[in-house]
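This is what each chain is made of:
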Amino acid sequence: MSASELAFLRQPAPRGPSRPRYEAGPRPQRVDGRLEQAERLRVARLIREPRLRKGMLQVEAARQLGISQALLSKWERAKQAVPPEMRTRIADLYGFDIALIDGLDMAAIAATADERVLLNRFRAASEDERRAALAAVCP
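Counting of residues starts from 1 at the beginning of each chain's written sequence and follows it residue by residue. Given that the model is predicted, a residue must reach a pLDDT of at least 70 before its local features are reported, and side-chain atom pairs must reach 80 or more before they are shown or counted; all residues, however, enter totals for whole chains, interfaces and linings. In computing side-chain values, all of the structure's heavy atoms are included and hydrogens and water are not.

1. Here's the deal with the pattern of salt bridges
Salt bridges are identified by distance alone: a Lys or Arg side-chain nitrogen within 4 Å of an Asp or Glu carboxyl oxygen. Enumeration over the complete set of coordinates arrives at five salt bridges. Glutamate 36 is the partner of arginine 40 in a salt bridge, and the nearest nitrogen-oxygen pair spans 4.0 Å. Of this pair, arginine 40 and glutamate 36 both sit in helix α2 (residues 34-54), four residues apart, roughly one helical turn. Throughout, exposure labels follow a simple rule: accessible area from a 1.4 Å probe, protein chains only, divided by the maximum for the residue type, with under 20% read as buried, over 50% as exposed, and the rest as partly exposed. By relative accessible area, which is 13% here, arginine 40 ends up buried. Residue classification places glutamate 36 among the partly exposed positions, given a relative accessible area of 32%. Between glutamate 127 and arginine 131 there is a salt bridge; the shortest N-O distance is 3.8 Å. With a gap of four residues between them, glutamate 127 and arginine 131 both fall in helix α9 (residues 127-137), about one helical turn apart. Taking the relative accessible area as the measure of exposure, glutamate 127 reaches 48% and is therefore partly exposed. A relative accessible area of 51% means that arginine 131 is categorised as exposed. Numbering of helices and strands runs from the N terminus, with a helix taken as a DSSP run of H or I at least four residues long and a strand as a DSSP run of E at least two residues long.

2. A short note on the side chain of arginine 51
The topology assignment puts arginine 51 in helix α2. Whenever a nitrogen or oxygen atom comes within 3.5 Å of another N or O atom, the pair is scored as a polar contact, on the condition that within protein one atom can donate a hydrogen and the other can accept it, and that pairs from neighbouring residues in sequence are kept only if both atoms are in side chains. Within the structure, arginine 51 has its side chain in polar contact with the side chain of glutamate 76 (distance 2.7 Å). Between two residues, a contact is recorded if the distance between any of their heavy atoms is within 4.5 Å. With near-sequence residues (within four places) excluded, arginine 51 lies in contact with Met56, Leu57, Gln58, Ala61, Glu76 and Tyr94.

3. Details of the nonpolar core
Judged by nonpolar contacts, the single largest core of 16 residues is most densely connected at Trp75, Ile90 and Tyr94. Secondary-structure elements contributing two or more residues to this core are α2, α3 (58-65), α4 (69-76) and α5 (84-94). Of the residues forming this core, the biggest block, five residues, is contributed by α5. Remark: nonpolar core denotes a set of buried residues (Ala, Val, Leu, Ile, Met, Phe, Trp, Tyr, Cys) joined through side-chain atoms within 4.5 Å.

As far as function goes, none of this settles anything; it's purely spatial.
Shown next as structure tokens:
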């Protein structure tokens, strides 16, 4: 073969504009009702706060629960509902009553503005001041 006949091997073939093979669009997602979504948010808050108070990482908590860290993250962000069988294990791990997860009204256990002020002052106090405050309140 001559050089002119092999020239097509050296020159790239002209290409047209690239286009996707299929029409990409958003995947259909399950639409939850407002009550279901509100319940997931409530449970997410209840399982995230105790972990943070204990200073526990998601990885540690997930390992102790026997699940992946990604799944625990989905639960804590209310992206996925916590299965009923896991609720008891979570309550045992964090040391609270299962009734908190199973439907206790958050407004009934929410701290008032005065309680938050007291808690912040208590946390900022020295160890001696804390003991004195507890002795005054709990004789």
